[in-house]
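Okay, here's what each chain looks like letter by letter:
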Amino acid sequence: MSIKLGIELELHQLSLLAPAGYFVGLHIRFTSPLMTFQTYDQGWADRYTEQGYAMRDPMIAWGFSTTGSVRWSAIPVPDTFGIMREAASYGMVYGVAIACGPLSSRTIAGTARSDREYTDQEIARIEALINRLHNATQPPESLTDAQVEALRLIAAGERHTGAAAKLGISESALKARLNSARMRLMARTTAEAIQRAKDYRLI
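Report on the accompanying structure. Remember, it's a predicted structure, so these values are computed and weren't measured experimentally. (Residues numbered from 1 in each chain as written. Predicted model: local features only at pLDDT ≥ 70, side-chain atom pairs only at ≥ 80, totals over all residues. Heavy atoms only, no water.)

**Thoughts on the overall build of the protein chain**
- For the protein chain, the count of helices and strands is 9 helices and 5 strands.
- Ordered by position from N to C terminus, the α and β elements of the protein chain give α-β-β-α-α-β-α-β-β-α-α-α-α-α.
- The principal-axis extents of the C-alpha atoms in the protein chain amount to approximately 60 × 35 × 30 Å.
- Burial analysis of the protein chain (203 residues in total) assigns 44% to the buried set.
- Within the protein chain, contacts between residues separated by at least 24 positions form 61% of all contacts whose residues are at least 6 apart in sequence. (Helix = DSSP H or I, 4+ residues; strand = E, 2+ residues; numbered from the N terminus. Buried < 20%, exposed > 50% of the residue type's maximum accessible area, 1.4 Å probe, protein only. Contact = heavy atoms within 4.5 Å.)

Rendered as structure tokens:
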């Protein structure tokens, strides 16, 4: 099974456990996640972004201070700005926060429902699911020399023809290197691969 299909299947299971939506930020490094997935109400997502709530969200603060799981109602971080109360007005009344991974590559997730608190069994299932997603999307520790050379030339503004000539390889060989780098970095485009490689200090 491909990594992409595996992720899609895990997210489908998560959606069944989060009738009022979910947010998953995978491998947060330098304040930016490797991947994000979210199905919260779009009105809430827009409001959250516009107000810069990520910097004040008690769920996020909790997620960076510890690992494990906690019901939103039991998060020990004060909700000074009333973010959780406002979220409830969008149908996100009850929820669970999950955090896993080292601080240098932390994954933080939240799931929500409108009708009742999550059971211990449901929380255990969600936590196991988020841990699987975290492990399946582990950023690479390194790239091959060929991948690094190809990404660096394209990042410097070279076109495929010019980059291939500089490396003394065919254009199709260059594209194969770029494709393998995209797959290794779980990026959809070469530009995204370059950005991730820079974020991970790989190029």
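Following the structure, the description resumes.
**Digging into the pairing of strand β2 (residues 32-38)**
- Note that strand β1 (residues 22-29) and β2 share 6 bridges and pair antiparallel. By the bridge assignment for β2, Phe-23 is matched with Gln-38. (Pairing = 2+ DSSP bridges.)

**Some remarks on the layout of surface pockets**
- In this structure, the largest pocket occupies an estimated 740 Å³ of space.
- Along the walls of the largest pocket sit 26 residues, with Phe-23, Tyr-48, Tyr-53, Ala-54 and Ile-60 positioned nearest its centre.
- For the lining of the largest pocket, the secondary structure elements donating two or more residues are β1, β2, α2 (42-50), α3 (58-65) and α4 (83-88).
- Taken together, the residues of the lining of the largest pocket sort by class into 19 nonpolar, 5 polar and 2 charged.
- Approximately 470 Å³ is the volume found for the second largest pocket.
- When residues of the lining of the second largest pocket are traced back to their parent elements, those giving at least two are α1 (3-17), β2, α8 (171-185) and α9 (190-199). (1 Å grid on protein atoms, 1.4 Å probe; cavity = no way out; pocket = protein on both sides within 12 Å on 5 of 7 lines; lining within 4 Å. Points joined across faces, edges and corners; volume = space filled by probe spheres on them. Nonpolar A, V, L, I, M, F, W, Y, C, P; charged D, E, K, R; others polar.)

**Some remarks on the packing of aromatic side chains**
- Tallied over the entire structure, the rule returns 4 aromatic pairs.
- If you follow Arg-56 out to its NZ or CZ, it ends over the ring of Phe-81, 4.6 Å from the centre.
- Over the face of the ring belonging to Tyr-118 we find Arg-113, whose NZ or CZ atom lies 5.5 Å from the ring centre. (Phe/Tyr/Trp six-rings, centres within 6.5 Å; stacked < 30°, edge-to-face > 60°. Lys NZ or Arg CZ within 6 Å of the ring centre and 35° of its normal.)

**Focus: the pattern of salt bridges**
- All chains considered together, the criterion is met by 11 salt bridges.
- With a shortest N-O distance of 2.7 Å, Arg-132 and Glu-10 are connected by a salt bridge. Separated by 122 residues along the polypeptide, Arg-132 in helix α5 (residues 120-136) and Glu-10 in helix α1 bring together distant segments of the chain.
- For Glu-171, the salt bridge is made with Lys-175, and the minimal N-O distance between the two is 3.9 Å. Taken as a pair, Glu-171 and Lys-175 lie in helix α8 at a separation of 4 residues, close to a single helical turn.
- Residue classification places Lys-175 among the partly exposed residues on the basis of a relative accessible area of 41%. (Salt bridge = Lys/Arg side-chain N within 4 Å of Asp/Glu carboxyl O.)

**Things to note about the nonpolar core**
- With 39 residues, the main nonpolar core has Leu-14, Ile-130, Leu-151 and Leu-185 as its most contacted residues.
- Setting aside anything within four residues of it in sequence, one finds Leu-151 in contact with Leu-143, Leu-178, Ala-181, Leu-185, Thr-190, Ala-193, Ile-194, Ala-197 and Ile-203.
- Counting 20 residues, the second largest nonpolar core, distinct from the first, contains Trp-62, Trp-72, Ile-75 and Ala-97. (Core = buried A, V, L, I, M, F, W, Y, C linked by side-chain atoms within 4.5 Å.)

**Description of the side chain of Thr-111**
- Of note, Thr-111 is situated in strand β5 (residues 106-113).
- For Thr-111, a relative accessible area of 1% gives the class buried.
- One polar contact links Thr-111 to Tyr-118, side chain to side chain, over a distance of 3.3 Å.
- Residues contacting Thr-111, with those up to four places away along its chain left out, are Leu-14, Ala-18, Gly-21, Tyr-22, Tyr-40, Trp-72, Tyr-94, Gly-95, Val-96, Tyr-118 and Ile-126. (Polar contact = N/O pair within 3.5 Å; in protein donor to acceptor, adjacent residues only side chain to side chain.)

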